[in-house]
Amino acid sequence: MRLIAKLKTFAASTGLYICYLLGACILTMLVEAMLVFFIDHIVLLSYPVLTVIRIVIYSLGVPAIIGVLGYYEGYREAECSLGETAGSFFLALIVHILFAMLFKFQGFISGAVRFTAGFIHNQWNITQQTLVENTPYSLFLIVFLAYSILYFAVLFLCKYFGSRKRICDRAELRRNETED
């Protein structure tokens with residue numbers, strides 16, 4: 001019985017992390033589209049500069065959203081297991097990379113991977129066409145792996161600090177109960 005409960009929790013966590021990853025990428029894409037639209041209409045910028053702006057927005061936005069969700073999850077659960085988090089996140093990454101490959105690493109599904117890989121390979125000669133056509137597919141996978149490590153680190157650390165905060169809050173409440 002206990003094994004079945006653990007498997008259900010593991011599956012639920014995996015589904016939750018898939019939603020975290022996809023939701024964070026989609027929400028950041030909406031913010032990026034709005035910001036780039038306004039910036040491009042105020043100041044006429046070249047594509048390489050807009051690519052750098054996109055990389056910064058996605059590289060900060062997606063981990064920030066994942067961090068907030070991880071902190072809330074850790075606070076709610078009041079515990080953080082590295083093994084369970086890593087296992088669930090790894091399975092979520094498998095689904096995430098399959099979707100990212102299906103949509104050719106578009107920003108709405110993979111965050112900054114497309115822009116970062118394209119910029120690393122093409123540097124300041126990047127155009128919208130060379131972003132995908134000239135960039136080796138293996139570079140997309142390497143950059144995806146690097147961002148996945150970043151996302152996991154942010155998720156785990158924020159989840160850990162959320163659980164620690166919950167434990168401290170409980171201890172403070174119990175201390176106040178005994179003084180009355």
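Now for a look at the structure at hand. Residue numbers here run from 1 along each chain, matching the order of that chain's written sequence. Local features in this predicted model are restricted to residues whose pLDDT is 70 or higher, and side-chain atom pairs enter the listing and the counts only when it is 80 or higher, whereas totals over whole chains, interfaces and linings include all residues. In computing side-chain values, all of the structure's heavy atoms are included and hydrogens and water are not.

1. A few points about the nonpolar core
Keep this limit in mind: As used here, the term nonpolar core means buried Ala, Val, Leu, Ile, Met, Phe, Trp, Tyr and Cys residues forming a set that is joined through side-chain atoms within 4.5 Å. Burial classes follow relative accessibility: with a 1.4 Å probe on protein chains only, a residue under 20% of its type's maximum area counts as buried, one over 50% as exposed, and anything between as partly exposed. Think of it this way: any DSSP run of H or I at least four residues long counts as a helix, any run of E at least two long counts as a strand, and we number them from the N terminus. Contacts were defined at the residue level, with two residues in contact if any of their heavy atoms lie within 4.5 Å.
Ranked by size, the top nonpolar core spans 31 residues in total, and within it Leu-21, Val-62, Ile-66, Phe-89, Val-113, Tyr-147 and Tyr-151 carry the most contacts. Contributing elements (two or more residues each) for this core: helix H1 (2-42), helix H2 (47-77), helix H3 (82-102), helix H5 (113-122) and helix H7 (137-179). Setting aside residues up to four positions removed in sequence, Leu-21 forms contacts with Ile-66, Phe-89, Ala-92, Leu-93, His-96 and Tyr-151.

2. Some words on the packing of aromatic side chains
Rules: Centre distance within 6.5 Å is the pairing criterion for rings of Phe, Tyr and Trp, where only the six-membered ring of Trp is used; planes under 30 degrees apart are then read as stacked, over 60 as edge-to-face, and the remainder as tilted.
The final tally for this structure, using the stated rule, is 14 aromatic pairs. Judged by centre distance (5.9 Å) and plane angle (20°), the ring pair of Tyr-58 and Phe-115 falls under stacked. Taken together, the residues Tyr-58 in helix H2 and Phe-115 in helix H5 connect sequence positions 57 residues apart. One exposure class covers both Tyr-58 and Phe-115, and it is buried. Taking 5.5 Å as the distance between ring centres and 50° as the angle between the ring planes, the aromatic pair formed by Phe-89 and Phe-152 counts as tilted. Residue Phe-89 is found in helix H3, and its partner Phe-152 is found in helix H7; the two are separated by 63 residues along the sequence.

3. Thoughts on unusual backbone geometry
Leaving glycine out, the prevailing phi sign among residues is negative, and the prevailing peptide bond configuration is trans. Here the phi dihedral of Ala-78 falls at roughly 60°; this positive angle occurs in a residue that is not glycine. Locating Ala-78 in the fold gives a position in the loop between H2 and H3. For Lys-104, which is not glycine, the phi dihedral falls at a positive 55°. In this structure, Lys-104 sits in the loop between H3 and helix H4 (107-110).

4. Focus on the pattern of salt bridges
Put simply, the test is: For salt bridges, the criterion is a side-chain nitrogen of Lys or Arg within 4 Å of an Asp or Glu carboxyl oxygen.
With the rule as written, the count across this model stands at six salt bridges. Linking Glu-32 and Arg-54 is a salt bridge whose minimum nitrogen-to-oxygen distance equals 2.7 Å. Remark: Arg-54 occurs in helix H2 and Glu-32 occurs in helix H1; sequence separation between them is 22 residues. Given a relative accessible area of 7%, Glu-32 falls into the buried group. Its relative accessible area of 14% is what places Arg-54 among the buried residues.

5. Thoughts on the environment of Gly-67
Mapping Gly-67 onto the fold places it in helix H2. Here Gly-67 falls in the buried class, since its relative accessible area comes to 5%. Those residues within four positions of Gly-67 in sequence are excluded, and the remaining contacts are Val-154 and Cys-158.

6. With respect to a nonpolar patch on the surface
Formally: Here a patch means residues that are over 30% exposed by relative accessible area and free of salt bridges, tied together within 9 Å if like-charged and within 5 Å if nonpolar (Val, Leu, Ile, Met, Phe, Trp, Tyr). Per-residue and other accessible areas follow the Shrake-Rupley method at a 1.4 Å probe size, with only the shown protein chains counted as cover for residues.
On the surface, Met-34, Phe-37, Phe-38, Ile-42 and Val-43 cluster together to form a nonpolar patch covering roughly 530 Å² of accessible area. Among the structural elements, Phe-37 can be located in helix H1. We classify Phe-37 as partly exposed; its relative accessible area is 45%.

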